[in-house]
Amino acid sequence: MALRKFFGLVLVVLFGVVALSEVSVEIGISPREIGAVMDEHISNFEAQNPDIQIEWLKVPGVPGQQHSQYVTLFFGGSDKPDIIAMDIIWPGEFASRGWLAPLNEYFPKEEQAAFIENMIDAAKYEGDVYGVPLYINGLHLYYRKDLLKKYGFTPPNTWEELVEQASYIVEQEKDPNLYGYISMWGKIEGLFMNYLQFFWGKGGEFFDEEGNVVVNSKEGVEALQFMVDMIYEYNLAPESIVTYTPDDARILFQQGRAVFMVVQDFVWPILTASDSIVADKVDFMRVPYFEGYPDTNTVCLGGWLLGININSQHKEEAWKFIEYLTSHEAQLRTAAVTGNLPTRQSVYEDSRLVEQFPVANKQYKDFMVGNVRPSAQLGEKYTQVSEIMQREIQSALLRLKTPQRALDDAVSQINALLR
């Protein structure tokens, strides 16, 4: 009896030691991001790492709400969540505020080189890296391939070609409900992204070599004037475009009411679904450039990265889970289940990705002519700079100001903010 009690006590102690040795790591990520495959990832990781338990904090699907929740936790000095999923524009802000752990020791340059370069650039602040790219998306030009074929056009490489083609098709179709061009020009982050693609397509850069904001340059003003002309001079975009979100544009295009559209790539599965009017009539390509600027990168990139809370008590274990989620096999599985495309370049060479997501490599080619927004350079001021740009761009689109005046005012406000 005594011996049995002794062994029972030993087992209790042993199980207690095992229980105590198990580390709990919390990750904050929205079900909207990779929720459809997250439980599978957690189960697989825990099977490979029985000493680490993953807790999933399901943050809101709206990025602004996620951002607010993280800011509240960080200001409170919380050590949870250990891992956060970040919109591409957040690492600079969070790092500049001292909320993220630098990942240099875990994520050396030779490993960074395995990922899409522009996504790594978005993860850096003042020379250190603070995030690992989880998945990527970007703006693309969607077009009605049936209408282009009907009138003998090949897809436009330049904005000038797009205007010519859209104008001709709309005129010939004689459909009062058909627009030549639609996009997300409401006063949202997407409006700033849209402006940047025109600006970059003119050879423009947000900062000059001395670090000055130069969106009111000749290129910047011409880019904004072109947006204004799309509405009032070329009559290709409806005046209501200044209220459109991505879904507003997508719905119109899906109803067969536009020749061209620029939005993010989340729309592709929806546009090509069996119940879509344009399912067999739509294709996409890179965002155009202006004549004389064929070497410019015009695709405004988006995506999400994973970072570690500076206050986390389990950084090593958190890193292990980040390594897993951004590994070749995990990114392949995420793409197959959710349609969110890999950031690890080797996955695009995997025949299984092509089988499971046929347009992946076509989207990847567009990402290779992509740019990221200036969030890494602006740090915690990025959100305010974007809001200034949105407000002033829209003032020009509403013809309350000339493009020159709007951008001069934007630069003045941004300079005051950055002082």
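Residues numbered from 1 in each chain as written. Predicted model: local features only at pLDDT ≥ 70, side-chain atom pairs only at ≥ 80, totals over all residues. Heavy atoms only, no water.

The chain is annotated in an unreviewed UniProt entry as ABC transporter substrate-binding protein of Petrotoga halophila DSM 16923. UniProt's Sequence similarities (unreviewed entry) comment on the chain is quoted here verbatim: "Belongs to the bacterial solute-binding protein 1 family." (UniProt positions renumbered as here; feature names shortened; annotations may be inferred.)

A. Structural view of the overall build of the chain. When its secondary structure is counted, the chain shows 19 helices and 11 strands. Taking 2.2 N^0.38 as the reference for a compact globule, 419 residues should give roughly 22 Å; the C-alpha atoms of the chain span a radius of gyration of 24 Å, in line with that estimate. By its C-alpha atoms, the chain is 95 × 55 × 35 Å across when sized along the principal axes. Considering the chain as a whole, with its 419 residues, one finds that 53% of them fall into the buried category. With the model as given, the accessible surface of the chain reaches about 18,200 Å², and the carbon-plus-sulfur share is 50%. Side-chain charges in the chain split into 34 positive and 57 negative, and the spacing between the mean points of these groups amounts to 4 Å. (Helix = DSSP H or I, 4+ residues; strand = E, 2+ residues; numbered from the N terminus. Rg over C-alpha atoms; globule rule 2.2 N^0.38 Å. Buried < 20%, exposed > 50% of the residue type's maximum accessible area, 1.4 Å probe, protein only. Areas by Shrake-Rupley, 256 points an atom, 1.4 Å probe, with all protein chains shown as cover. Lys, Arg positive; Asp, Glu negative; His and termini not counted. Charge placed at Lys NZ, Arg CZ, Asp CG, Glu CD.)

B. Broad picture of the pattern of salt bridges. This structure, assessed with the given rule, holds 17 salt bridges. A salt bridge links Lys 80 to Asp 82; the nearest nitrogen and oxygen atoms lie 2.7 Å apart. Judged by relative accessible area, Asp 82 falls into the buried class, the value being 0%. A salt bridge links Asp 146 to Arg 144; the shortest N-O distance between them is 2.9 Å. The exposure class of Asp 146 is partly exposed, given its relative accessible area of 25%. On the basis of relative accessibility, which here comes to 8%, the residue Arg 144 falls in the buried class. Through salt bridges that share partners, Glu 392, Lys 401, Arg 405 and Asp 409 make up one connected network. (Salt bridge = Lys/Arg side-chain N within 4 Å of Asp/Glu carboxyl O.)

C. Structural context of the environment of Val 347. Following the sequence through the fold, Val 347 ends up in the loop between helix H14 (328-338) and helix H15 (351-356). Contacts of Val 347, omitting those with residues within four sequence positions, involve His 328, Gln 331, Leu 332, Pro 342 and Leu 353. (Contact = heavy atoms within 4.5 Å.)

D. Local environment of unusual backbone geometry. The omega torsion across Lys 80 and Pro 81 is -5°, close enough to zero to call that bond cis. Among the secondary structure elements, Pro 81 is positioned in the loop between helix H3 (63-75) and strand S3 (83-87). With a phi angle near 60°, Arg 399 is a residue other than glycine that sits in the positive phi range. Within the element layout of this structure, Arg 399 appears in the loop between helix H18 (382-397) and helix H19 (403-418). Classification of Arg 399 by relative accessible area gives exposed; the value is 56%.

E. Helix H9 (residues 189-200), seen in detail. With 12 residues, H9 extends 17 Å between its outermost C-alpha atoms, agreeing within 8% with the 16 Å of an ideal straight helix rising 1.5 Å per residue. Among the 12 residues that make up H9, 11 are buried, leaving the element largely enclosed by the rest of the structure. (Expected span 1.5 Å × (residues − 1).)

F. Broad picture of the environment of Thr 245. Mapped onto the elements, Thr 245 comes out in the loop between helix H10 (218-232) and helix H11 (246-254). The sequence separation of Thr 245 and Ser 183 amounts to 62 residues, and the corresponding C-alpha distance is 7.8 Å. Among all residues touching Thr 245, those that are not within four sequence positions of it are Met 184 and Ile 188.

G. The packing of H9 against H10, seen in detail. Their axes nearest at 8 Å, the elements H9 and H10 cross at an angle of 120°. In terms of orientation, H9 lies oblique with respect to H10. The interaxial crossing formed by H9 with H10 has right-handed handedness. Contacts from Leu 191, Tyr 195, Phe 198 and Phe 199 of H9 reach H10 at Glu 219, Gly 220, Ala 223, Leu 224, Phe 226 and Met 227. For the contact of H9 with H10, the per-class residue count stands at 8 nonpolar, 1 polar and 1 charged. (Axes fitted to C-alpha atoms, helices over the stretch in contact; angles between N-to-C directions. Parallel < 35°, antiparallel > 145°, perpendicular 65-115°, else oblique. Left-handed = near helix turned anticlockwise from the far one by under 90°. Nonpolar A, V, L, I, M, F, W, Y, C, P; charged D, E, K, R; others polar.)

H. Representation of the domain arrangement of the chain within the structure. When its domains are assigned, the chain resolves into domain 1 (23-130 + 302-369) and domain 2 (152-299 + 376-418). Relative to domain 2, the C-alpha centre of domain 1 lies at a distance of 29 Å. With 16 residues of domain 1 in contact, the opposing surface of domain 2 contributes 15 residues. When domain 1 packs against domain 2, close to 1,400 Å² is buried across both sides, 58% of that on carbon and sulfur atoms. Counting across the interface, domain 1 meets domain 2 through 2 salt bridges. Of the charged contacts in the structure, one is a salt bridge between Glu 380 and Arg 97, with a shortest N-O distance of 3.8 Å. (Domains from an automatic or database assignment. Buried area = accessible area lost by both parts, 1.4 Å probe.)

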